[in-house]
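Chain by chain, the residues:
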Amino acid sequence: MSTEPRINDRIRVPEVRLVGPSGEQVGIVPLAKALELAQEYDLDLVEVAATARPPVCKLMDYGKFKYESAMKAREARKNQAHTVIKEMKLRPKIDPHDYDTKKGHVVRFLKQGDKVKITIMFRGREQSRPELGFRLLQRLADDVQDLGFVESSPKQDGRNMIMVLGPHKKKTEAMAEARAAADARKAERLGRAAGADEDIAESDEPAEAQDAVEAQDAVEAQDAAAETEAAEAAAPVEQPAEASQGA
């Protein structure tokens, strides 16, 4: 069954309780009168409370109303936080490297605002040493106490021992911080790119200036050479001394 409200000609009642475009109460009017007012205002007649007697209808721009409702729902979903329970499994005799790796995952989950279910798995004779699992869980809780707290104390469940850690931060706070950090990283990358472009532009200016100086020097050298050639061509030619004496 459709959840869309009935509008305009789809409304099938003799009279309605009408609400104006600004929320003002018009009162109970015949359906024909309500449709006439909708045409005058160039709006839609929308049934907003079908179960009322008589039904409540409002004058509005239904297309705009649907768009705004969809945008509000989208924003609500964007900001909605679903608490997720992550699970991490450990062995009682876990080696230091594996422990650090597992602890890193727990830290990441708590920073994201998620709960973490820690499961210690016992095998064989390890089941007779539950204190090993308890000490390991207590150690892990102490290592991450800045990010989370023990929401459910260690409990034996068959071959397993289970503890639940809860984050200090709410999921919404963690999501907001993650978005802010992402925006900051994006702004930093854009700033570095802009700085690199400025450096390239500044480095090009001296080269262009040097090219202009060299070109000017070449022109001046050509002019000087031309003046010298002209002066030599205009100077009188001297006769050799022997030729003048013989004359």
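Residues numbered from 1 in each chain as written. Predicted model: local features only at pLDDT ≥ 70, side-chain atom pairs only at ≥ 80, totals over all residues. Heavy atoms only, no water.

Engineer: Would you take a moment to explain the side chain of Thr119 for this structure?
Structural biologist: Summarising the element assignment, Thr119 is placed in strand β6 (residues 115-121). Residue classification places Thr119 among the buried residues on the basis of a relative accessible area of 4%. Here Glu87 takes part through its side chain, which lies 3.2 Å from a polar atom of the side chain of Thr119. Excluding anything up to four places from it in sequence, Thr119 contacts Glu87, Met88, Lys89, Leu90, Asn160, Met161 and Ile162. (Helix = DSSP H or I, 4+ residues; strand = E, 2+ residues; numbered from the N terminus. Buried < 20%, exposed > 50% of the residue type's maximum accessible area, 1.4 Å probe, protein only. Polar contact = N/O pair within 3.5 Å; in protein donor to acceptor, adjacent residues only side chain to side chain. Contact = heavy atoms within 4.5 Å.)

Engineer: Looking at this structure, how should I read the nonpolar core?
Structural biologist: Soluble globular proteins: nonpolar side chains tend toward being buried together. Core analysis: the biggest nonpolar cluster contains 18 residues, and Met88, Leu90, Val106, Val116, Ile118, Ile120 and Leu165 have the highest contact counts within it. Among the elements of the structure, β5 (85-90), α3 (96-111), β6, α4 (130-143) and β8 (160-167) are those that each provide at least two residues to this core. If near-sequence neighbours (up to four positions away) are discounted, Leu90 is found in contact with Tyr99, Lys102, Ile118, Thr119, Ile120, Met121 and Leu136. Grouped together as the second largest cluster of nonpolar side chains are 12 residues, Ile11, Leu18, Ala38 and Cys57 included. (Core = buried A, V, L, I, M, F, W, Y, C linked by side-chain atoms within 4.5 Å.)

Engineer: In this structure, what is going on with helix α1 (residues 31-41)? I would like to understand it.
Structural biologist: Helical geometry: 3.6 residues make up each α-helical turn, so side chains three or four residues apart lie on a common side. Along α1, the residues that are buried comprise Leu31, Ala34, Leu37 and Ala38. Around the axis of α1, the buried residues are gathered within 120 degrees of arc, so they sit on the same side. Opposite the packed face of α1, turned more than 90 degrees from it, sit the exposed residues Ala32, Gln39 and Glu40. Buried residues in α1 make contact with β1 (15-19), β2 (25-30), β3 (44-49) and β4 (56-60). Two residues or fewer past α1, Asp42 is found with a positive phi of approximately 60 degrees. (Arc of directions from axis to C-beta.)

Engineer: What is the right way to read unusual backbone geometry from this model?
Structural biologist: Phi is mostly negative for residues that are not glycine, and the peptide bonds are mostly trans. A cis amide bond links Arg53 with the next residue in sequence, Pro54, at an omega value of -5 degrees. Structurally, Pro54 can be placed in the loop between β3 and β4. Phi at Asn8 takes a positive value of approximately 50 degrees, unusual for a residue other than glycine. Looking at the secondary structure, you find Asn8 in the segment before β1. Even without glycine at this site, Asp42 takes up a positive phi of about 60 degrees. Relative to the elements of secondary structure, Asp42 occurs in the loop between α1 and β3. Take Asp42: its relative accessible area is 68%, and that puts it in the exposed class.

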